[in-house]
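Breakdown of the fold
So you can see what is in the structure, the chains are spelled out below.
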Amino acid sequence: MTLNVGDKLPDVTFPMMGAEGPETLALADRLAGRKVVIFALPGAFSSTCSAAHLPSFIRTKDDFAAKGVDEIMCLSVNDPFVMKAWGATTGADDAGITMLADAEGTFTKAVGMEFDAPVVGFYGRSKRYAMVVENGTITHLNVEPELGCTVSGGEALLDTLV
């Protein structure tokens, strides 16, 4: 599968660090009857992800809420401990952004968005993209053509919503 507008997302679970310790998030349950933004990036704490991609969704969180978005989720092929620490240090947790750890790359592989960048030690990571999902179905999708952050940032995705 490669992501396309109109596709239903696969039913996967993500490990998360909750207030009481490890938890799981069932994606299908979280998307049911809701409008959600999911953006994916190559790696927590990496340069473009930390300096541009994640901050763009922190900045636009209220604008997305005004457009009827119930939740914003940040997905990376990292473990839940890393995603929890990254969310805490960047202000994403305070902004209410859900940090999804695709620890084994299950979701990323299922949607055909896996890539390798050996020069920086990235193997089985996620390409950079952002999408709006309504009731589990993709309604808007911006896939980054390269490793930059031009079409998949918060402002760019927000511009696609009417």
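Look above for the structure.
Residues numbered from 1 in each chain as written. Predicted model: local features only at pLDDT ≥ 70, side-chain atom pairs only at ≥ 80, totals over all residues. Heavy atoms only, no water.

**Comments concerning unusual backbone geometry**
Working note: non-glycine residues mostly have negative phi, and peptide bonds are mostly trans. Even without being a glycine, F45 presents a positive backbone phi close to 70°. Mapped onto the fold, F45 is located in the loop between β3 (35-41) and α2 (47-66). The backbone of N135 shows a phi angle near 55°, a positive value even though the residue is not glycine. Inspection of the secondary structure assignment puts N135 in the loop between β8 (129-134) and β9 (137-143). (Helix = DSSP H or I, 4+ residues; strand = E, 2+ residues; numbered from the N terminus.)

**Topic: the pairing of strand β5 (residues 98-101)**
Of the two faces of β5, the one carrying T98 and L100 and the one carrying M99 and A101 are both buried. Examined bridge by bridge, strand β4 (residues 71-76) and β5 share four bridges and lie parallel to one another. Within β5, the position partnered with L75 by the bridge is L100. (Buried < 20%, exposed > 50% of the residue type's maximum accessible area, 1.4 Å probe, protein only. Pairing = 2+ DSSP bridges.)

**Let's talk about the environment of A92**
Within the secondary structure, A92 sits in helix α4 (residues 92-95). Here the alpha-carbon distance between A92 and V111, two residues 19 residues apart in the chain, equals 25 Å. Beyond its immediate stretch of four places on either side in the chain, A92 contacts L54, I58, G87, I97 and M99. (Contact = heavy atoms within 4.5 Å.)

**Brief notes about the side chain of S126**
Mapped onto the fold, S126 is located in strand β7 (residues 122-126). Using a relative accessible area of 0% as the deciding quantity, one classes S126 as buried. When near neighbours in sequence (up to four residues on either side) are disregarded, S126 contacts A40, L41, P42, L75, V77, T108, M113 and F115.

**Focus on the pairing of strand β1 (residues 13-18)**
Where β1 meets strand β2 (residues 21-26), six bridges bridge the pair, whose relative direction is antiparallel. In the sheet register, G18 faces β2, and the bridge partner there is G21. Joining the antiparallel neighbours β1 and β2 is a turn of two residues.

**Details of α2**
Here α2 is 20 residues long and its end C-alpha atoms lie 29 Å apart, about the 28 Å a rise of 1.5 Å per residue gives. Along α2, the largest kink reaches about 55° and is centred on T60. Every buried residue of α2 is listed here: C49, H53, L54, S56, F57, T60 and F64. Once α2 finishes, G68 follows within two positions and takes phi at roughly 90°, a positive value. (Expected span 1.5 Å × (residues − 1). Bend = angle between axes of the 7 residues up to and from the residue.)

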